[in-house]
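# Geometric and topological summary
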6 protein chains.
Amino acid sequence: MTDSNDLSVSRSAARKPFRRLLLTGAAGNLGKQLRGALADWADIVRVSDIAPLGEVAAHEEAAIVDLADAAAVHALLEGVDAVVHLGGISVEAPFEDLLEANIRGLYNLYSSAQKQGVKRIVYASSNHAVGFHPVTSVLDADAPLRPDGLYGVTKCFGESLSRYYFDRFGLETVCLRIGSSFEQPKSARMLVTYLSYRDFIELVRCSLFTNRVGHAIVYGVSNNRISWVDNSKAAFLGFRPKDSSEPFEHLFPAGAPDARFDDPTQLYQGGPFVLAGPMEPKRNNAAGESR
Amino acid sequence: MTDSNDLSVSRSAARKPFRRLLLTGAAGNLGKQLRGALADWADIVRVSDIAPLGEVAAHEEAAIVDLADAAAVHALLEGVDAVVHLGGISVEAPFEDLLEANIRGLYNLYSSAQKQGVKRIVYASSNHAVGFHPVTSVLDADAPLRPDGLYGVTKCFGESLSRYYFDRFGLETVCLRIGSSFEQPKSARMLVTYLSYRDFIELVRCSLFTNRVGHAIVYGVSNNRISWVDNSKAAFLGFRPKDSSEPFEHLFPAGAPDARFDDPTQLYQGGPFVLAGPMEPKRNNAAGESR
Amino acid sequence: MTDSNDLSVSRSAARKPFRRLLLTGAAGNLGKQLRGALADWADIVRVSDIAPLGEVAAHEEAAIVDLADAAAVHALLEGVDAVVHLGGISVEAPFEDLLEANIRGLYNLYSSAQKQGVKRIVYASSNHAVGFHPVTSVLDADAPLRPDGLYGVTKCFGESLSRYYFDRFGLETVCLRIGSSFEQPKSARMLVTYLSYRDFIELVRCSLFTNRVGHAIVYGVSNNRISWVDNSKAAFLGFRPKDSSEPFEHLFPAGAPDARFDDPTQLYQGGPFVLAGPMEPKRNNAAGESR
Amino acid sequence: MTDSNDLSVSRSAARKPFRRLLLTGAAGNLGKQLRGALADWADIVRVSDIAPLGEVAAHEEAAIVDLADAAAVHALLEGVDAVVHLGGISVEAPFEDLLEANIRGLYNLYSSAQKQGVKRIVYASSNHAVGFHPVTSVLDADAPLRPDGLYGVTKCFGESLSRYYFDRFGLETVCLRIGSSFEQPKSARMLVTYLSYRDFIELVRCSLFTNRVGHAIVYGVSNNRISWVDNSKAAFLGFRPKDSSEPFEHLFPAGAPDARFDDPTQLYQGGPFVLAGPMEPKRNNAAGESR
Amino acid sequence: MTDSNDLSVSRSAARKPFRRLLLTGAAGNLGKQLRGALADWADIVRVSDIAPLGEVAAHEEAAIVDLADAAAVHALLEGVDAVVHLGGISVEAPFEDLLEANIRGLYNLYSSAQKQGVKRIVYASSNHAVGFHPVTSVLDADAPLRPDGLYGVTKCFGESLSRYYFDRFGLETVCLRIGSSFEQPKSARMLVTYLSYRDFIELVRCSLFTNRVGHAIVYGVSNNRISWVDNSKAAFLGFRPKDSSEPFEHLFPAGAPDARFDDPTQLYQGGPFVLAGPMEPKRNNAAGESR
Amino acid sequence: MTDSNDLSVSRSAARKPFRRLLLTGAAGNLGKQLRGALADWADIVRVSDIAPLGEVAAHEEAAIVDLADAAAVHALLEGVDAVVHLGGISVEAPFEDLLEANIRGLYNLYSSAQKQGVKRIVYASSNHAVGFHPVTSVLDADAPLRPDGLYGVTKCFGESLSRYYFDRFGLETVCLRIGSSFEQPKSARMLVTYLSYRDFIELVRCSLFTNRVGHAIVYGVSNNRISWVDNSKAAFLGFRPKDSSEPFEHLFPAGAPDARFDDPTQLYQGGPFVLAGPMEPKRNNAAGESR
């Protein structure tokens, strides 16, 4: 997997587990969190986004890339061992935009990765791929897909596409059904879906370093008290969250149950997302924005 | 849900999550444990039992009610937001008594609750609804009903009745399949079924405050070493027991396995209950006794 | 099981499989269908109902019995080998009536049967024990209980009570979740739930003659084209329906799907039953009426 | 659903179950089979394709439409009660083409259908959505998605998208995972996947006329001797195939098992499809071609 | 797989699907039934048994072989395409005998088959591998092993051993859990377990000719009215029994259920087998006797 | 179970839970770990092996026994309450050796135990009974058997044999599917399969002292971060591992995933075992060697 002809990095430094990792969506919220951690795992960290990437470190290669641009994506994958794919749109958006960033863009990524011999992709799927399950259910990796918007539909597309590339070519993918990864929960719902930055980084670490992952699905949530998910079928990844939303529960004190008993944003795991789509096309909506 | 016409409680105090909670069976063992805790959760705590209720606090309303008395139950439910129903008979008893307290009484409760707009009932079901499962099995919320006595049969009735009221009217219920909730375990079997008072109160808290519960089934046991139950399908309730029977294991030291290999009280989870019924009618057996 | 001291029936005639079968609810719709068939299976057919039973044949014993009358039921069970229990109320009714006929009455039946050594009861449960499942689901014997009315709740009670008597005493029961057994379907819904009289009789035959049945649950429907049930877990009973509602499909020609998309009577298997309950008490409502 | 203001069709003729059905892909192999049958089911049959549609009957409305053209699709859906969607690409093809016809085109269809109040879509999914399951497995409606090519991936997309429109808006879809529907099987594999034209038409009929279908998944295969699928979870549709591939078995006599034990086209249900993709873009490849 | 150096059979005749099939246990009850059928499927039929094999046809090769003799078994497998293994002991027997014939013998068979490149073995397992399941259960291919005797234990061994040879070397096996294959049922139990000779031959045909079988488990029963098994997971084999025990039901008319409610021979699917073992060693008990 | 007539041990000492425990394979790696612990659990500890047993303590009885010697095993079981069976071969070995030690030897053990009234056997099965499951799966007690060698096949045999003795005679067995129990993990794979000595002893303790175990299957692994197993169905045993391989993870730092994507030793849980067998017979290979 390492390219012995590439002399631009001295062999003395080449003792990290990976030779070159690609991080897409590096300018986004989660990309920023992860970017530093990758330095410990790879000699070279290639970062990309459609947005500016800030200062580039010595061990980094930076590229501004629109995922919908096949040629650019092909170049981006060159010499890459593994990918952490956070790029694309990560919120509900008009279909046209999602089509370019999350469907055409994802195909470009997998097609190029396969052609260039990439062995593994860690793919930021989302709990919105299953957000139309009720909040009174607990989902495992085999739960039926129930996207809660067009964004969620594109995440389902990504899970199917990556499954195909694994079955057809052995290109491994870990689909991270990420909950809500922020500094801290921003709502009562996020007490359930919260994924601390530290746990997020650990989840990516497990996804990259487990020797074989096949095509895996794992929920990205911290060890919160209330849980809608069950990761027992992904125990082979060794992801054991260390954080919990419990310290933040006081911010959103439980009251009596909400009286609007037919409010879909209260009934389904997707919360407000279940009513957010479908969106009409907007002017100037940038495809390929970072997560 | 709050009744703005009721002026008897000053608005300045009305900042607790619930306006009025009803606790039935308040004079019983578990009712006494819970009664104090409810003060923190509701402006007004209405307590009822067929037995004397002791001193009534300023925030409390007390009522001596026979659950089999439909009119009395109807009055009891007036103005109530939610119910914790511990009332009725909680041990094996003659059918006639169970019929009045646990079947007729429960129907009275649900019928009145629905008519008066109550939104949720926390229902003390029992592990005896499934007590004829062997001690070598582990039950989740979907385990088939296997009542171990007529008492258990009435608990199955309650689970079916409450399911109907949820499907028909959206009246939510959490069925607590309570194990053995005492100061401490009283037998080797109770090392498995033990539910500490603290965990019991926490379980009721989760059942009342989770925003949506639908019709849920959860086992009421502490985090004991040996377990016959699996609450993973109720993870959305956020119940995480803090206690365990381990500190009491020394009271009932394990010996060699009991030699009577066909003893049903050793083979089934219900323990001695599996042989306790059916009981013949007795004189002066009080229906509606507190749990 | 045969009583060799009973000389009232000559031994020469005593060559039928059963010595004495009890049929409750014999004056009802299904009771009338079955009554004749039983003559071939038992030397003596005891028939009972709360309503008049018509002419009594030579091989028959007739008894007018209110199931809520414990002493009368006890006498009814004397000397009986097996029971086909069609008695009680078989439609939605006020709770008081259901309580007497279907709860107290059923307890009387099982209690007496056990005390008198009856070995098996074929129990007319109902599809209304699971009628709140959507019409887009297919139910097997392990489907969760979802009663669609108080009548359905009492059928769930019967399934739990009979389970207990099997686990406790080995008294076997086959719970027949009967669909709609009439001369012919009376609505589009009944095209799905139709059970021809011939198939009904065959189902009872299988339930009585299979050597071991334990506590079994089987759906009573003919081989209709559209099906909401799956009897594969009851294949040990050998019930293979010979009829179908297909010849009656022209009576209820399918139109475009009904436009009222939130009409519960169209969404749930129970059809009109899902809105029929709970009923208020009525004057003069006879408990214990025949099925 | 019928439009009483529309006077262009005399009321005397307006006695067919549907007022107006839309058939997309009407110029394709299966479209041609179905086109005639629809005349019996709807007053007006609107047929569309990107290819010429031949002679248009009196009860028909014809439209040449590229599914990727949102405005054209919106117009196509006007006044439609229900849709049979056979349009789009139905074989492995370059991603660009599939993207336009099967992804953008399908979004256009659902988006327009929802806005115009269409109540149901019968969607031609494919066994290629699950074609990477081994030939030694039997799949039911809950089998995990395992697309065997990019074409299959777009079918998975369609199943997710239609699920969303059902959960969000109640727009019902039956996903037909059609096997191989031709005059007769063309290979040994098609003996397993064969769907006769007659059974295909019956399957569409069941999908249109069943009163409620929710979001259903059903395999479109005849009653062939060897089967890789199990439609028991879709029994509520009432699809009972009348044909079988058995009369054609002599055309492809079984030999000794194929010796190439690692040949994926023999190991997976998708057969030759599993190696067909991904295809490189071709010049002049028409998107939106008929099935 | 065909041996081009073997000139003893003229090429003109070599048009049957298999070049050489081996039938072990050919002198036994089922071996005799099958021997003729094999002539249509293979140019050369090699038959073996520990007992005399009768007249040998022109297309046959006969060998008297003790399965416990590794060298003899190795020679027996030479040049063989596929095996139908009916050899070994097929009834409860002392462990020593079973060890030689069914354990050591089976290992010899698989070890030699693998070394000589045999591609598939049709293995006569037995319903006695699962005979300790109750008669009120219905078993599919994933039912837990519950052998009802030491004979059944050796059949479990065979299923595990063959699974290993498939996982390790790709040597395919179909495990036939044969019920009771005789001219006609000999008891009421055999009405359930009956496999007609015709259906048995068809089952072997399906097992040999299905293109890929992996490691499959299928129950060998005819289409009897009462069934304890469910072959839906083996639908890929295409086995559709044409016979039924129904014509023989009159031979064993159902009476009232057997009164001995704790009789294991009535409670478990294995019937009398469940009490037959373990047997003490006997003098002169021949190992390797034919089925 | 204690024999009150046996005066050879003074009553004052006879206060341990068991009267006499047998430990086979006592000279092996795990046997040595356990031997001391047993002193606390039984008045008399009988230890056996085919290899020298070292110094014999006052409370011990020692016996050199070849498990393949039926008479010797019969004597060994005399007066025993329960057995911890670690004896036999615990690595891949030629079939002949495994046959003697693990098949004939195990039969001797169970046959003698049953005849002498032993109530429970704790049986050292192995993760190699299921070692051909992929490393991307998580196995519970119902996972299908997938032995990864002939050694694993003999462990499957033991699980079937013991199941039979439980169903037939009520002789209880806990099958311990032991992972890798050493001082510390010796490879990256053992980070997953590691069972600390302390946890191993606790697992045996739970297996001996739980009042009823029936026929149980439990995985013997510590609380390692990465897990391939799920013991939730064995929660009734109360085994809660206290150790983890995490402190040893630094010894086998994760690199980039291994590049040989078709290496079975990386793909399957059995690791190197999956290629170790079948072994050819060797000279002087001792049967019955200790674990």
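About the cut-offs
- Residues numbered from 1 in each chain as written.
- Chains lettered and ligands numbered in written order.
- Predicted model: local features only at pLDDT ≥ 70, side-chain atom pairs only at ≥ 80, totals over all residues.
- Heavy atoms only, no water.
- Helix = DSSP H or I, 4+ residues; strand = E, 2+ residues; numbered from the N terminus.
- Buried < 20%, exposed > 50% of the residue type's maximum accessible area, 1.4 Å probe, protein only.
- Contact = heavy atoms within 4.5 Å.
- Least-squares fit on C-alpha atoms with pLDDT ≥ 70 in both.
- Pairing = 2+ DSSP bridges.
- Axes fitted to C-alpha atoms, helices over the stretch in contact; angles between N-to-C directions.
- Expected span 1.5 Å × (residues − 1).
- Buried area = accessible area lost by both parts, 1.4 Å probe.
- Salt bridge = Lys/Arg side-chain N within 4 Å of Asp/Glu carboxyl O.
- Polar contact = N/O pair within 3.5 Å; in protein donor to acceptor, adjacent residues only side chain to side chain.
- Nonpolar A, V, L, I, M, F, W, Y, C, P; charged D, E, K, R; others polar.
- Parallel < 35°, antiparallel > 145°, perpendicular 65-115°, else oblique.
- Left-handed = near helix turned anticlockwise from the far one by under 90°.

## Examining the overall build of chain A
- Scanning chain A from N- to C-terminus turns up eight helices and seven strands.
- The principal-axis extents of the C-alpha atoms in chain A amount to approximately 65 × 40 × 40 Å.
- Looking at chain A as a whole, 62% of its 291 residues are labelled buried.
- Taking all contacts inside chain A whose residues are at least 6 apart in sequence as the whole, residues at least 24 apart take part in 70%.

## Focus on the relation of the copies chain C and chain B
- Turning chain C through 180° and shifting it by 0.0 Å along the axis lays it on chain B, with an RMSD of 0.0 Å. Such a combination of rotation and displacement between the chain copies is what one expects of a two-fold axis. Among all residues of chain C, the minimum C-alpha distance to the rotation axis is found for F157 of chain C, at 2.7 Å.
- With an isologous cut-off of 70% or more, the 97% of interface residues of chain C that recur at the interface of chain B puts this contact in the isologous class.

## A word on the relation of the copies chain D and chain C
- Mapping chain D onto chain C is achieved by rotating through 120° and translating by 0.0 Å along the same axis, at an RMSD of 0.0 Å. Read as a symmetry element, the transformation amounts to a three-fold axis. The C-alpha atom lying nearest the rotation axis in chain D is that of S232 of chain D; the distance is 6.0 Å.

## Details of the sheet that holds strand 4 (residues 82–85) of chain B
All names here are of chain B.
- Taken together, seven strands build an open sheet; the order of strands is 3-2-1-4-5-6-7 and the sheet is parallel. Across the chains shown, the open sheet's two edge strands, defined by having one partner strand only, are strand 3 (60–64) and strand 7 (215–220). Each strand of the sheet is rotated relative to its neighbour by a mean of 20°, with strand direction disregarded.
- Alignment of strand 1 (residues 18–24) against strand 2 (residues 42–49), held across five bridges, turns out to be parallel. If you follow R20 over to strand 2, its bridge partner there is I44.
- Helix 1 (residues 29–38) contacts strand 1, strand 2, strand 3, strand 4 and strand 6 (172–178) of the sheet and is inclined by roughly 170° relative to strand 1.
- Sitting on the sheet, helix 4 (residues 150–169) is in contact with strand 5 (120–126), strand 6 and strand 7, with an inclination near 155° to strand 5.

## Regarding helix 4 (residues 150–169) of chain E
Residues and elements named next belong to chain E.
- The end-to-end C-alpha distance of helix 4, which contains 20 residues, comes to 28 Å, matching closely the 28 Å that a straight helix rising 1.5 Å per residue would cover.
- Where burial is concerned, most of helix 4 is hidden: 17 out of the 20 residues are buried.
- Of the residues flanking the end of helix 4, it is G170, one or two places downstream, whose phi is positive at about 80°.

## Details of the sheet that holds strand 1 (residues 18–24) of chain C
Residue and element names in this part refer to chain C.
- Spatial strand order, 3-2-1-4-5-6-7: seven strands in an open sheet with parallel pairing. Edge positions in the sheet fall to strand 3 (60–64) and strand 7 (215–220), since each has one partner strand and no second. The mean angle between the axes of side-by-side strands here comes to 20°, regardless of whether they run parallel or antiparallel.
- Direction of pairing for strand 1 relative to strand 4 (residues 82–85): parallel, over a ladder of four bridges.

## What about the interface of chain D and chain C?
- Counting from both sides, the interface comprises 24 residues of chain D and, opposite them, 21 residues of chain C.
- Summed over both sides, the interface of chain D with chain C buries roughly 1,800 Å², with 57% coming from carbon and sulfur.
- Three residues stand out in chain D for area buried against chain C, namely R212, F236 and R240 of chain D, and they jointly supply 40% of the buried area on that side.
- Linking chain D with chain C are zero salt bridges.
- Run the count over chain D and chain C and you get six residue pairs in polar contact (both at pLDDT 80 or more).
- When its residues are assigned to classes, the side of chain D that touches chain C shows 10 nonpolar, six polar and eight charged.

## Describing unusual backbone geometry
- The omega angle of the peptide bond from G277 of chain A to P278 of chain A is -15°, so this bond is cis rather than trans.
- In this structure, P278 of chain A sits in the segment after helix 8 (273–276).

## Thoughts on the pairing of strand 4 (residues 82–85) of chain A
All names here are of chain A.
- Residues A82 and V84 line one face of strand 4 and the alternating positions V83 and H85 line the opposite face, and both faces are buried.
- Looking at chain direction, strand 4 and strand 5 (residues 120–126) are connected through four bridges and run parallel. Within strand 5, the residue paired with V84 across the bridge is V122.

## Looking at the packing of helix 1 (residues 29–38) of chain A against helix 6 (residues 197–209) of chain A
Residue and element names in this part refer to chain A.
- Look at helix 1 against helix 6: their axes get within 10 Å of each other, and the N-to-C directions meet at 60°. Relative to helix 6, helix 1 is oriented oblique. Along this stretch, helix 1 crosses helix 6, giving a crossing that reads as right-handed. When helix 1 is examined against helix 6, the residues N29, L30, Q33, L34, A37 and L38 are found in contact with a partner set consisting of Y197, F200, I201, V204 and L208.
- Tallied by class, the residues present in the contact of helix 1 with helix 6 amount to nine nonpolar, two polar and no charged.

## Regarding the interface of chain C and chain B
- Counting from both sides, the interface comprises 32 residues of chain C and, opposite them, 31 residues of chain B.
- Both faces considered, chain C and chain B share a buried interface measuring about 2,800 Å² in area, 65% of it formed by carbon and sulfur atoms.
- Across the chain C-chain B interface, the total number found is four salt bridges.
- The residue K115 of chain C makes a salt bridge to E280 of chain B at a minimum N-O spacing of 3.3 Å.
- Between chain C and chain B we count 12 residue pairs in polar contact (both at pLDDT 80 or more) in total.

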